[in-house]
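# Remarks on the overall topology
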Amino acid sequence: MDNLNNHQKNIDSLPPEMILEILKYLDLDDLLTIKQTCRRFNQLVEYNDWVWRRHCLQMRTVCPSEIDEDQKQGRTWQEIVQRNYKSVIKQKWMDGAFSNIDSYEKTASKNHVSTES
């Protein structure tokens, strides 16, 4: 039990900037899961919209018009991801629309998007 307490103390001693740097590398499922682990992670994920930016830009490779429209309407990155994941991405996946996509890296160069916002 002491080992677990020491581990928790080490995590608690990290500055928020360092944790956010780590969070930006998590995939969407892990990001949603880590929000549920403790209040601190929940708040860091919930109130730092740029953590969602990478996921939003990845989604843009398959539904650019939806993402662009949401950006024009002033939605946050988190709102765009949450709004489009179930309604657009999941349905397209179920319909087999992504069977020709090998990886995000190969599609990212095809759909350049401004990262300013």
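Residues numbered from 1 in each chain as written. Predicted model: local features only at pLDDT ≥ 70, side-chain atom pairs only at ≥ 80, totals over all residues. Heavy atoms only, no water.

Per the secondary structure count, the chain includes eight helices and zero strands. In the chain, the order of α-helices and β-strands from amino to carboxyl end is α-α-α-α-α-α-α-α. Counting across all 117 residues of the chain, residues that qualify as buried make up 29%. Long-range pairs, those at least 24 residues apart, make up 62% of the contacts in the chain between residues at least 6 apart in sequence. Carbon and sulfur atoms provide 50% of the accessible area of the chain, an area that totals close to 8200 Å². (Helix = DSSP H or I, 4+ residues; strand = E, 2+ residues; numbered from the N terminus. Buried < 20%, exposed > 50% of the residue type's maximum accessible area, 1.4 Å probe, protein only. Contact = heavy atoms within 4.5 Å. Areas by Shrake-Rupley, 256 points an atom, 1.4 Å probe, with all protein chains shown as cover.)

Formed by 22 residues in total, the largest nonpolar core has its most connected members in Leu23, Leu31, Ile34 and Trp52. The set of elements that each furnish at least two residues to this core consists of helix H2 (16–23), helix H3 (28–34), helix H4 (39–46), helix H5 (53–60) and helix H7 (77–94). In terms of residues, this core owes the most to one element, H7, which gives four residues. If we ignore the near neighbours within four places in the chain, the residues touching Leu23 are Leu31, Ile34, Leu44, Val45 and Val51. (Core = buried A, V, L, I, M, F, W, Y, C linked by side-chain atoms within 4.5 Å.)

Time to look at the packing of H2 against H4. Orientation of H2 relative to H4, taken along the N-to-C sense of each, is 70°, at an axis distance of 11 Å. In terms of their interaxial angle, H2 and H4 are classed as roughly perpendicular. Counted together, Pro16, Ile19, Leu20 and Leu23 of H2 and Arg40, Phe41, Leu44 and Val45 of H4 form the full contact between these two elements. By residue class, the composition of the contact of H2 with H4 is seven nonpolar, no polar and one charged. (Axes fitted to C-alpha atoms, helices over the stretch in contact; angles between N-to-C directions. Parallel < 35°, antiparallel > 145°, perpendicular 65-115°, else oblique. Nonpolar A, V, L, I, M, F, W, Y, C, P; charged D, E, K, R; others polar.)

Looking now at the packing of H5 against helix H6 (residues 64–72). The geometry of H5 relative to H6 is characterised by a closest axis approach of 7 Å and an angle of 135° between their N-to-C directions. Taken together, H5 and H6 sit at an angle that is classed as oblique. Across the interface between the two elements, Cys56, Met59 and Arg60 from H5 touch Pro64, Ile67 and Asp68 from H6. The class makeup of the residues in the contact of H5 with H6 is four nonpolar, no polar and two charged.

In low-pLDDT regions, the fine details of the predicted coordinates are not to be read closely. Mean pLDDT over the chain works out to 78, with 68% of the residues at or above the 70 mark. For the chain, the element scoring lowest by mean pLDDT is helix H8 (residues 104–108), at 52; H6 scores highest, at 92. In the predicted structure, residues 111–117 sits below a pLDDT of 50 and forms nine contacts with residues beyond four places in sequence or in another chain. (pLDDT = per-residue confidence, 0-100.)

Right, let's talk about the pattern of salt bridges for a bit. The tally for this structure, following the rule as stated, stands at five salt bridges. For Lys35, the salt bridge goes to Glu46, with nearest N and O atoms at 2.6 Å. Residue Lys35 is found in the loop between H3 and H4, and its partner Glu46 is found in helix H4; the two are separated by 11 residues along the sequence. For Glu46, a relative accessible area of 30% gives the class partly exposed. Measuring nitrogen to oxygen at the nearest pair gives 3.0 Å for the salt bridge that ties Asp70 to Arg75. (Salt bridge = Lys/Arg side-chain N within 4 Å of Asp/Glu carboxyl O.)

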